[in-house]
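# Architecture at a glance
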Amino acid sequence: MNMMTAEIKTVNRFHPLKFMMWLGIAGMVMLFAALTSAYLVRKAQGNWLEFRIPFIFWLNTVIILLSSVSMQWAVKAFARYDVKKYRLAITTTFTLGVMFLVGQYFGWLQLDEGGIHLTGNPSGSYVYVISGVHAAHMAVGLLIMLIGVLRAFFRPLNPNRLVNVQVMATYWHFVDILWIYLFIFFQFNLA
Amino acid sequence: MSSEVSNPVVQPVFTGDSTHHQDSEGEIHENGHHEHHKEYFFTKYVFSQDHKTIGKQFLITGIFWAFVGGLLSVIFRFQLGFPNQAFPFLETLFGKWAPGGIISPEFYYMLVTMHGTILVFFVLTAGLSGTFANLLIPLQCGARDMASPFLNMLSYWFFFAASCVMLTSFFLPEGAADVGWTFYPPLSGVKESAPGAGLGADFWLIGMALFIFSSLLGGLNYITTVLNLRTKGMSMNRLPLTVWALLITAILGLISFPVLLGAAILLLFDRNLGTSFYLDKIFINGHPLDHAGGNAILYQHLFWFLGHPEVYIIILPAFGLVSEVLANHARKPIFGYRAMILSMLAIAILAFIVWAHHMFVTGLNPFVASVFVLLTLLIAVPSAVKVFNWIATIWQGNLRFTPAMLFCVGFVSLFISGGLTGIFLGNSALDIPLHDTYFVIAHFHIVMGVSAFFGMLAGVYQWFPKMFGRFMNNTLGYIHFWITFVGAYMIFWPMHYMGLTGVPRRYYSFDAFQSFNMFGDLNKFITIAAMLVFFAQLLFILNFFYSMFKGRKVTDPNPWKSNSLEWTTKINPGHGNWDGPLPTVYRWPYDYSKNGDEFIPQTVPYKPGEEKLHH
Ligand code: HEM
Ligand SMILES: [Cu+2]
């Protein structure tokens, strides 16, 4: 009746889903490494417009950091099957995530008003495109999190799904750290 | 089987093992094989999550693309072999693309661009890795399926979507992309630059983006499965070289494909939203475009950062398949198993630090170039180790010349021929005159194109019985091999001489050049050889589909007397691969002709006192 023993011995230490997430992160790191290297190569060439990144990006950085904290809180709550806390934490994370995205949008508007357009000197284009590709990663994360939020309210907590929540949290922390990296990168290279 | 449940700490719930299909409630169905479930046509053959079926889907889609890609080359060879000669049937077939029966320059460029794209990415990447990673990784590691069968299925359907987009682009009014498979801006960045630089190029970029997602999803699964789901006793140093090769291939793809995606994103912005990442001041018909301040060479850096690893993504699976088949049909242990793995790892690492050897003529600083020369030539060392080991493996072997074996021997021959010209090109001083000539065409078609095809064909002949429970026809296989082998040399060998005299690649016609006219007859010869080889591939396709339904049935579950695990399953294994518990592995897969035993499968424990051939 039981087919699984042999496999279980081989499925060790690291859950395959988590492992896959880390591999995926390696791929995403390469994407942003490529984009930011392109930025540096182009910058070294000269004819490079310098400007300050919009103030709202600072605010967004705080928001996304907070969302990572609440995400961690959500994982803890889930692990203790504390439904109430989990609901609160996951919804908070989701809301902060949405706020971040809206904030980025306002950041782009602010840039545009300041005369830094998507087209024109590539130094501006790079900021739009790199932060845009990052925002796309956030949006995908939010879509997946939305499923988590809905489940939190309409389904009982299922211990088997802890790993899914953990993997989602890993992704979320990754896009958070990614943003911090990009933010510092822009700070150093623009002003 | 209940004796298997001896381990009390087993916690089935959190294993996430691929074979326990987790439904939306997270409940786990504890069965390796699916036969208990009702299987519907759609879930079994179309939206299947069985790695074996997905492998076949990749293979058949790959064969379709190989047919298309090959046909495109036959058509453009018409122009090169018989320039300005009218073939009315071409007009009948292609209408405005071949007015008066003569291929138009725009059509010519579309054909070469799509030929390169299709063969490099859709056939030799997706078709090759997709087929054999799917088929062999779980079977040879002893797993019931991939780590995530669902993502694995998605990987195929992304490939399918990419295929649809690429195929549709042929039917656009301006035609498919025609700016070269490497898609260099500014040509590819400016929509007005060529007919196929318009919508066709956008389709190409979207098709490639989908393709990249497909490769990445596949790769995540391949790596995770090899590293996490090996059966008991299957340590990394007992893995067949096929699995090692496919693992390293997937790692290369995971690191390099995102960079191509980045390059494509920037290009899409330049093309459609007016940014200037790659485009600088450009005039079209005397009118300036709005772009300013871009750097076109930057694209080449990004492209070749993928592009060079990509050539190894193509050849490594062939390395693996060839090593496996050679040892099996030579009835000898693979020579230098460790060295084979280490050389693949060395090649994989070097693959990331040699990309600028494609850019020696871009004004690269000569000091920088010299570093790339050195690193490039270093690749010859592990490549030579591999060649030496293949030859040593068949040396004094008890050779069985099946079609699969012949293709492997052919592979080694081609890989040597093409590798040697790589050493010419790796020297910047030689590359500067040879770059963009037919010498490069000869080099990469022999070392990559044809070689990888040979590895893939060897794989198909060898594992066809595992895929379909039937054999392919041998006689057709031999005819296929000899025409392809001799024909490939007839096509590409002369191109070296053309390249050495400076005949440039990517030219529609050489009429205007006195010095290249002398190659007129040679070009005719090449075109005829190409048609012959294409015809031989049709024999293969015929053999493939005929044998799928009508081939001789396999009666012995291990028809090649092989040691690896895939032959310990039933002839036609169901989803889950092994009916009973998973096999346990006691030895490496290359115990051939040992102590009087012709072969010893990996599942056979060591006899008392038996010496280990391998650590
Ligand atoms: C000894 C090993 C090799 C060396 C030193 C080498 C070197 C080179 C160099 C320097 C070029 C650039 C030529 C130019 O554009 O001017 C080149 C082109 C190329 N090589 Fe190799 N190569 C080697 C093996 C391989 C292998 C194993 C593959 C594939 C499996 C491969 C595939 C290609 C391809 C596809 C191109 C041309 C792409 C294009 O421009 O369209 N090479 N090689
Ligand atoms: Cu290269």
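## Side note on the overall build of chain A
Across its full length, chain A carries 6 helices and 0 strands. Moving toward the C terminus, one meets the helices and strands of chain A in the order α-α-α-α-α-α. Projected onto its principal axes, the C-alpha positions of chain A cover 70 × 35 × 20 Å. Within the span of chain A, comprising 191 residues, buried residues form 55% of the whole. For chain A, long-range pairs separated by at least 24 residues make up 84% of all intrachain contacts whose partners lie at least 6 apart in sequence. Element-wise, carbon and sulfur atoms account for 72% of the exposed surface of chain A, whose accessible area totals about 8600 Å².

## Regarding the overall build of chain B
Looking only at helices and strands, chain B has 16 helices and 4 strands in total. For 615 residues, the compact-globule formula gives about 25 Å, and the C-alpha radius of gyration of chain B, at 25 Å, lands near that figure. The C-alpha extent of chain B, read off along each of the three principal axes, is 80 × 60 × 55 Å. A burial count over chain B gives 62% of its 615 residues as buried. For chain B, contacts bridging at least 24 residues in sequence account for 77% of all contacts bridging at least 6. Accessible surface, chain B: about 22800 Å² in total, of which carbon and sulfur atoms supply 69%. With 32 positive and 33 negative side-chain charges, chain B shows a separation of 10 Å between the mean positions of the two kinds.

## Side note on the packing of aromatic side chains
All names here are of chain B. Inspection of the entire model under this criterion finds 86 aromatic pairs over all chains. Seen in terms of ring centroids, F454 and F485 are 6.2 Å apart; in terms of plane orientation they differ by 50 degrees. Their pairing is tilted. Taken together, the residues F454 in helix α14 (residues 438–468) and F485 in helix α15 (residues 474–500) connect sequence positions 31 residues apart. Among the residues examined, F454 registers a relative accessible area of 1% and is labelled buried. Over the ring of F471 we find R552, and its NZ or CZ is 4.4 Å from the ring centre. Between the NZ or CZ atom of R587 and the centre of the ring of Y606, over which it lies, the distance is 4.4 Å.

## Some thoughts on the site of ligand 1
Residues and elements named next belong to chain B. By nearness alone, 22 residues border ligand 1, and L425, D431, H435, H443 and R505 come closest of all. Within the side chain of D431, an N or O atom sits 2.5 Å from an oxygen atom of ligand 1. Take R505: an N or O atom from its side chain is 2.8 Å from an oxygen atom of ligand 1. Broken down by secondary-structure element, the contributors of at least two residues to the shell around ligand 1 are α8 (296–330), α12 (403–426) and α14. Looking at which element gives the most residues to the shell around ligand 1, the answer is α12, with 6 residues. Split by residue class, the shell around ligand 1 holds 12 nonpolar, 8 polar and 2 charged.

## Some points on α12 of chain B
Between its terminal C-alpha atoms α12 of chain B stretches 34 Å, which fits the 34 Å expected from 24 residues at 1.5 Å a residue. Most of α12 of chain B is tucked away: 17 of the 24 residues are buried.

## Quick word on the packing of helix α9 (residues 337–350) of chain B against helix α11 (residues 380–394) of chain B
All names here are of chain B. For the pair α9 and α11, the least separation of the axes is 9 Å and the interaxial angle reads 155 degrees. Of the possible angle classes, the one that applies to α9 and α11 is roughly antiparallel. Where α9 crosses over α11, the handedness of that crossing is left-handed. Where α9 approaches α11, its residues A339, M340, S343, M344, A346, I347 and L350 are matched on the opposing element by P382, S383, V385, K386, N389 and W390.

## So, the environment of L273 of chain B
Along the polypeptide, L273 of chain B turns up in helix α7 (residues 241–273). Discounting chain neighbours no more than four positions away, the residues touching L273 of chain B are L118 and T119 of chain A together with L268 of chain B.

## Quick look at the side chain of S256 of chain B
All names here are of chain B. Take S256: it is sitting in helix α7. Residue classification places S256 among the buried residues on the basis of a relative accessible area of 0%. In contact with S256, other than residues within four places in its own chain, are F305, L306, P309, I313 and F352.

## So, the side chain of T437 of chain B
With respect to the secondary-structure elements, T437 of chain B resides in the loop between α13 (428–434) and α14. Every residue in contact with T437 of chain B, bar those within four places of it in the chain, is listed here: G499, G502, V503, P504 and R505 of chain B.

## Points about the coordination of the iron atom of ligand 1
Residues and elements named next belong to chain B. Donor atoms from the protein around the iron atom of ligand 1 number only one, H443 (NE2), found at 2.1 Å. Separating the iron atom of ligand 1 from the copper ion (ligand 2) is a distance of 4.7 Å. Tracing the sequence through the fold places H443 in helix α14.

## Some remarks on the coordination of the copper ion (ligand 2)
Within the protein, the atoms that donate to the copper ion (ligand 2) are H308 of chain B (ND1), H357 of chain B (NE2) and H358 of chain B (NE2), at distances of 1.9 to 2.1 Å. Taken in chain order, the donor set of the copper ion (ligand 2) reads H-x48-H-H.

## So, a nonpolar patch on the surface
Among the surface-exposed residues, V140, L143, I144, L146, L150, F153 and F154 of chain A lie close enough to one another that they form a single nonpolar patch of about 700 Å² accessible area. Overall, L146 of chain A belongs to the partly exposed group, its relative accessible area being 33%.

## Remarks on the packing of helix α4 (residues 83–113) of chain A against helix α6 (residues 162–190) of chain A
Residue and element names in this part refer to chain A. For the pair α4 and α6, interaxial distance at closest approach is 13 Å and the crossing angle is 30 degrees. Taken together, the axes of α4 and α6 lie roughly parallel to each other. Where α4 crosses over α6, the handedness of that crossing is left-handed. The residues of α6 that touch α4, namely those facing Y86, I90, T93, G97, F100 and Q104, are V165, M168, W172 and W179. Considering only residue class, the contact of α4 with α6 consists of 7 nonpolar, 3 polar and no charged.

## Some points on unusual backbone geometry
Cis geometry marks the peptide bond from P185 of chain B to P186 of chain B; its omega dihedral reads 5 degrees. Despite not being glycine, N47 of chain A has its phi angle at roughly 50 degrees, a positive value. A positive phi is found at F183 of chain B, a non-glycine position, where the angle reads about 55 degrees. Tracing the backbone through its elements, the reader meets F183 of chain B in the loop between α5 (149–169) and α6 (199–228).

## Re the nonpolar core
Residue and element names in this part refer to chain B. In this structure, F122, F211, W390, F411 and F544 are the most contacted members of the largest nonpolar core, which totals 265 residues. It is helix α4 (residues 105–141) that provides the largest number of residues to this core, a total of 21 residues. Once you skip the residues sitting within four places of it in the chain, F544 turns out to touch L59, I60, I63, V460, F464, F468 and M472.

## Points about the environment of R505 of chain B
Residue and element names in this part refer to chain B. The topology assignment puts R505 in the loop between α15 and α16 (520–550). For the pair R505 and D436, spaced 69 residues apart in sequence, the C-alpha to C-alpha distance is 5.5 Å. Not counting residues up to four positions away in its chain, the partners in contact with R505 are W181, D436, T437, Y438, V440, I441 and F444.

## Observations regarding the pattern of salt bridges
Residue and element names in this part refer to chain B. In the structure shown here, the tally under the stated rule is 14 salt bridges over all chains. For D556, the salt bridge identified is with K561, shortest N-O distance 2.6 Å. What makes D556 partly exposed here is its relative accessible area of 28%. Overall, K561 belongs to the partly exposed group, its relative accessible area being 28%. Among the salt bridges present, the one from K607 reaches D597, with a minimum N-O distance of 3.0 Å. Here the residue K607 occupies a position in the segment after β4 (597–599), and D597 occupies one in strand β4, the gap between them amounting to 10 residues. Given a relative accessible area of 45%, K607 falls into the partly exposed group. In the salt-bridge network here, residues are joined through shared partners; they are R587, D591, K594 and E610.

About the thresholds
- Residues numbered from 1 in each chain as written.
- Chains lettered and ligands numbered in written order.
- Predicted model: local features only at pLDDT ≥ 70, side-chain atom pairs only at ≥ 80, totals over all residues.
- Heavy atoms only, no water.
- Helix = DSSP H or I, 4+ residues; strand = E, 2+ residues; numbered from the N terminus.
- Buried < 20%, exposed > 50% of the residue type's maximum accessible area, 1.4 Å probe, protein only.
- Contact = heavy atoms within 4.5 Å.
- Areas by Shrake-Rupley, 256 points an atom, 1.4 Å probe, with all protein chains shown as cover.
- Rg over C-alpha atoms; globule rule 2.2 N^0.38 Å.
- Lys, Arg positive; Asp, Glu negative; His and termini not counted.
- Charge placed at Lys NZ, Arg CZ, Asp CG, Glu CD.
- Phe/Tyr/Trp six-rings, centres within 6.5 Å; stacked < 30°, edge-to-face > 60°.
- Lys NZ or Arg CZ within 6 Å of the ring centre and 35° of its normal.
- Near = heavy atom within 4 Å.
- Polar contact = N/O pair within 3.5 Å; in protein donor to acceptor, adjacent residues only side chain to side chain.
- Nonpolar A, V, L, I, M, F, W, Y, C, P; charged D, E, K, R; others polar.
- Expected span 1.5 Å × (residues − 1).
- Axes fitted to C-alpha atoms, helices over the stretch in contact; angles between N-to-C directions.
- Parallel < 35°, antiparallel > 145°, perpendicular 65-115°, else oblique.
- Left-handed = near helix turned anticlockwise from the far one by under 90°.
- Donors = N, O, S within 2.8 Å, 3.2 Å for Na, K, Ca; no water.
- Patch = residues over 30% accessible without salt bridge, like charges linked within 9 Å, V, L, I, M, F, W, Y side chains within 5 Å.
- Salt bridge = Lys/Arg side-chain N within 4 Å of Asp/Glu carboxyl O.
- Core = buried A, V, L, I, M, F, W, Y, C linked by side-chain atoms within 4.5 Å.

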